[in-house]
Amino acid sequence: MAYRASLAVLLAGSAYARDFPNCQSGPLASNQVCNTTLDPWSRATALVAAFTNAEKISNSWDNSPGVSRIGLPAYEWWQEALHGLARSRGVQFATSGNYSYATSFPQPITMGAAFDMPLISSVATVTSTEARAFSNVGRCGLNFWTPNINTFRDPRWGRGQEVPSEDPYHMSQYVMQLIPALQGGLKAEPYYKLVATCKHYAGYDMENWKGNKRYAFDAKITMQDLQDYYLQPFRTCVRDTNVQSIMCSYNAVNGVPTCADPWLLQKVLREHYGFSEDRWVTADCDALQNVWTDHHYGASAAAAAAASINAGTDLDCGQFWPQNLPSAYNSKMFNDTVLNRSLIRRYASMVRLGWFDPPAQQPYRQLSWADVAKPDAKALALLAAQEGLVLLKNEGAGKLPLSKTTVKRVAVVGPLATATTQMQGNYYGIAQSISTVVDAFKAAGFEVTNTQGAALTGTSTSGFSAAVNLAKSADATVYVGGMDTSIEAEDKDREQITWPGVQLSLIQQLAAAASGKPFIVVQMGTMVDSSALVAEKNVNALLWAGYPGQDGGKAVVSVLTGDKAPAGRLPITQYPGDYVNQVPMTDMNLRPATGNPGRTYKWYSKTPVFPFGHGLQYTSFNVTLPAGLPTTFATADLTGNGTTGTPADLLPLTSIPVSVTNTGNVTSDYVLLAFVKGEYGPTPYPNKSLVAFTRLHDIKPGESATGTLDVKIGSLARSDASGAQTLWPAKYKLVLDIDDRASWDFEITGTATVLDKLPPK
């Protein structure tokens, strides 16, 4: 989400402290928006009724000027907080001292690898607390355009780092924890903490691939894939977590730009998912302009502007509406009811945030600098990074953890060995400090030598010899490289998914130089094909770190040295490099077909380098399902006895207590994954589907812990061609972990039962 201008220019031109309305004195005090006995919609209606038509249109964009005539201050609706309070148009960090930094957590792709949903809730709670503290002194607003919940369909996507998973169930569980913690609960009681925004609705997961730009891309998606994959996290966001805002995306879906699509915005979002009238939709930045200039939707710019507001978009991040709504209004392309509705929705949300109300009665208004970057927040940032690290390979005499008795001198080599902000990824805030891998090794008491050896990209090998010499003289060598946002980012997809530049060549020379001594590779960024490292016997270990945030260096070293045992699991598939030649990024179909080997672990028909859910530990575990699990369920019983008001897909199948025993000699967490396999529903059948997971903590050697897997019938369901999510009578097999180390066979009998069906177009 960015205007087609640099962020630096935007920040320099528009970041400033925001005022709160004065309902105690001045002209606004006489408006019923200040009457706390009224409901939010009535209060917002009274406010908007005081606007002139010109004032309504001038406040239709994100940098709303307010209405000084009636005492309504200006307000910036665009704030970011993807993994901590982030630099954005509405967020102003001080240059030093108080409010000059905030806690910077790992990117969602790294936190997703933790498979720890209480952790996500804790991270969101800290983020919203710090955001409120900044807001209370006018350094940001209260509406945050986070999270990104588009599933990671294609490994080339530049914004894959912003999302936690390629799996829609995993994504939905992430949303279930994140949104209530950001907003302060499922309901405003009496106030919301923040307004979160689930984005980008819908079918958005491409930036700029071989000239196919997101601004004009038309995503051709079947109703089946919309229901089962692309829309599932949004349904959770709207229906189950009561998110207060949705962002429509740049792209079109099946010929209609999403921000001008009444089927997506009204039929599906509001009527089917229950996105109530007092919640609102923002467009991505410049997306409304794209409706006209890139999609060529409508007969004129005015018609395109009218199409989006009529369809149900409520805010323009950009100036297309202020520039074109006047002409559309004069031509009667939309009416006062529609214009008023867009404003009332937004200002009703500000009422629920307490924006108009006296601060003394609001606990959130008491938060201050003392609540920012507290010691427990810093500890949480470290824990989030540690839990998200994934050990992909560990073998040979030099395998991890590094022995502190035999390893004294460590050569830390690579273009990201001293990385700071590169470990934060995109949409990041200013951290108080950032721990590099080199600094963390020094802090752990090692003698450290360091050289870059090679750049992330490019062909220069001039630094190879210095790096090889350090490896020869060290007791252990650690290479830190991979990717950063110069390679993958918003508006920047990849065309190759192999290691960029000459990094692999350097790694191979280091492996030869370190022969007989521990040689470890730490990969930053999303996925690259590491099959060469799997095959290289002198590469003892491969650790994936993603974008680990402010304590990335400390987290990496704590795992390499055994102070923290790794337990993360890949939330995405690592494909072989040739995958990019097998399917174009523009192909939105998930299932294997001619010219498409299938997408994600569910449908990929070939052998991945590392599968979804892969992750090693320093110990071993035995996993046992309980005896006596039921073998038969009837669809009528499963769908007819639920709690009144519970959506059918959230009705329970059963809860399964799983015993996990540490049979090794290292205390460790364990991520318990449950998949379902079976031939049910339309062909082709998925390889398997994630249906439940949990993370167990600190299981000591010889001890056991119990993890409860709550399986809902919706996680078993699959949709037909019309988008009818259906529970199918069939034989099923639930398997634990990616190696099927325990399994349970059961059958569902009866008739096929529709749990949820998308409205027809």
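Refer to the structure presented above.
Here's what I pulled together on the structure shown here. Here the structure is a predicted model, which is why all the values come from computation and not from measurement. (Residues numbered from 1 in each chain as written. Predicted model: local features only at pLDDT ≥ 70, side-chain atom pairs only at ≥ 80, totals over all residues. Heavy atoms only, no water.)

### Side note on the sheet that holds strand E12 (residues 409–413)
The strand order across the open sheet built from six strands is E11-E16-E15-E14-E12-E13, with neighbouring strands paired in mixed fashion. At either end of the open sheet lies a strand with only one pairing partner, and these are strand E11 (390–394) and strand E13 (447–451). Neighbour-to-neighbour, the strand axes of this sheet turn through a mean angle of 20 degrees, independent of strand direction. Here strand E15 (residues 519–524) runs beside strand E16 (residues 541–546); their pairing, made up of five bridges, is parallel. The partner of Val522 across the bridge, within E16, is Leu543. Across the sheet, helix H17 (residues 503–513) touches E12, strand E14 (476–482) and E15, and the angle it forms with E14 is around 175 degrees. (Pairing = 2+ DSSP bridges. Helix = DSSP H or I, 4+ residues; strand = E, 2+ residues; numbered from the N terminus. Axes fitted to C-alpha atoms, helices over the stretch in contact; angles between N-to-C directions. Contact = heavy atoms within 4.5 Å.)

### Thoughts on the state of the cysteines
According to the stated counting rule, one finds four disulfides in the structure shown. Each sulfur in the disulfide pair Cys198 and Cys237 lies 1.6 Å from the other. Here Cys198 is found in strand E3 (residues 197–201), whereas its partner Cys237 is found in helix H8 (residues 232–240), with 39 residues between them in sequence. Along the protein, the cysteines that take part in disulfide bonds pair up as 1-2, 3-4, 5-6, 7-8, counted in sequence order. Free of any disulfide, Cys140 has its nearest neighbouring cysteine sulfur in Cys317, separated by 16 Å. Residue Cys140 is classed as buried on the basis of its relative accessible area, which comes to 2%. (Disulfide = S-S within 2.5 Å. Buried < 20%, exposed > 50% of the residue type's maximum accessible area, 1.4 Å probe, protein only.)

### With respect to the pattern of salt bridges
Enumeration according to the criterion identifies 34 salt bridges in this entry. Its salt-bridge partner being Arg569, residue Asp737 comes within 2.7 Å of it at the nearest N-O pair. Remark: Arg569 occurs in the loop between helix H19 (552–560) and helix H20 (600–603) and Asp737 occurs in the loop between strand E25 (730–736) and strand E26 (742–749); sequence separation between them is 168 residues. Of the charged contacts, one joins Arg741 and Asp737 as a salt bridge, the two residues approaching to 3.7 Å between their closest N and O atoms. Here the salt bridges share partners, and the residues they tie into one network are Arg159, Glu162, Glu207, Arg214, Glu490 and Asp491. (Salt bridge = Lys/Arg side-chain N within 4 Å of Asp/Glu carboxyl O.)

### Points about the packing of aromatic side chains
Enumeration over the complete set of coordinates arrives at 35 aromatic pairs. Summarising the aromatic geometry, the rings of Phe441 and Phe446 are spaced 5.5 Å apart at their centres and angled 85 degrees between planes, so their arrangement reads as edge-to-face. For the pair shown, Phe441 and Phe446 are each scored as buried. Pairing Tyr601 with Phe675 gives two aromatic rings, centres 5.8 Å apart and planes at 70 degrees, and the pair type is edge-to-face. In this pair, Tyr601 sits in helix H20 while Phe675 sits in strand E20 (residues 668–677), placing the two residues 74 residues apart along the sequence. Grouping residues by exposure puts Tyr601 and Phe675 together as buried. One aromatic cluster is present, formed by Phe51, Tyr75, Trp77, Trp280, Tyr347, Trp355 and Phe356 through successive ring pairs. The ring of Tyr670 has Arg569 lying over it, and the distance from NZ or CZ to the ring centre is 5.4 Å. Note that Lys761 overlies the ring of Trp263, its terminal NZ or CZ placed 4.7 Å from the centroid. (Phe/Tyr/Trp six-rings, centres within 6.5 Å; stacked < 30°, edge-to-face > 60°. Lys NZ or Arg CZ within 6 Å of the ring centre and 35° of its normal.)

### Here's the deal with helix H5 (residues 117–136)
For the α-helix, the turn length of 3.6 residues means that residues three or four positions removed from each other point alike. In a regular helix each residue adds 1.5 Å, so 20 residues correspond to 28 Å; H5 covers 29 Å between its end C-alpha atoms and thus fits that length. Along H5, 16 of the 20 residues are buried, which leaves the element largely enclosed by surrounding structure. A positive backbone phi angle near 75 degrees is found at Gly138, which sits one or two residues after H5. (Expected span 1.5 Å × (residues − 1).)

### A look at the packing of helix H2 (residues 40–49) against helix H13 (residues 336–352)
At their nearest, the axes of H2 and H13 sit 8 Å apart, and the two run at 125 degrees to each other. With respect to their mutual orientation, H2 and H13 come out oblique. Crossing of H2 over H13 shows right-handed handedness. Judged by residue contacts, Pro40, Trp41, Arg43, Ala44, Thr45, Leu47 and Val48 of H2 engage Asn340, Leu343, Ile344, Arg345, Tyr347, Ala348, Val351 and Arg352 from H13. Split into classes, the residues belonging to the contact of H2 with H13 amount to ten nonpolar, two polar and three charged. (Parallel < 35°, antiparallel > 145°, perpendicular 65-115°, else oblique. Left-handed = near helix turned anticlockwise from the far one by under 90°. Nonpolar A, V, L, I, M, F, W, Y, C, P; charged D, E, K, R; others polar.)

### Some remarks on unusual backbone geometry
Residue Leu400 is joined to Pro401 through a cis peptide bond whose omega torsion reads 0 degrees. Inspection of the secondary structure puts Pro401 in the loop between E11 and E12. Following Thr683, the chain continues to Pro684 via a peptide bond in cis, the omega torsion being -5 degrees. If you trace the backbone, Pro684 turns up in the loop between E20 and strand E21 (689–699).

### What about the nonpolar core?
Generally speaking, nonpolar side chains in soluble globular proteins are found buried as a group. By size, the foremost hydrophobic cluster in this structure holds 251 residues, and its most contacted members are Tyr201, Tyr347, Phe356 and Phe441. Among the elements that line this core, the one with the most residues is H5, at nine residues. Every residue in contact with Tyr201, bar those within four places of it in the chain, is listed here: Leu231, Phe234, Ile246, Met247, Cys248, Ser249, Thr258, Leu264, Leu265, Val268, Leu269 and Tyr273. Ranked by size, the runner-up nonpolar core spans six residues in total, among them Ile497, Tyr575, Tyr579 and Tyr604. (Core = buried A, V, L, I, M, F, W, Y, C linked by side-chain atoms within 4.5 Å.)

### Some thoughts on the sheet that holds E26
Here we have five strands laid out as an open sheet, ordered E18-E26-E25-E20-E21, and mixed in their pairing. On the outer flanks of this sheet lie strand E18 (632–634) and E21, each paired with one strand and no other. On average, adjacent strands in this sheet sit at an angle of 20 degrees to one another, irrespective of strand direction. Note: E18 against E26, three bridges, orientation parallel. Within E26, the residue paired with Ala634 across the bridge is Thr749.

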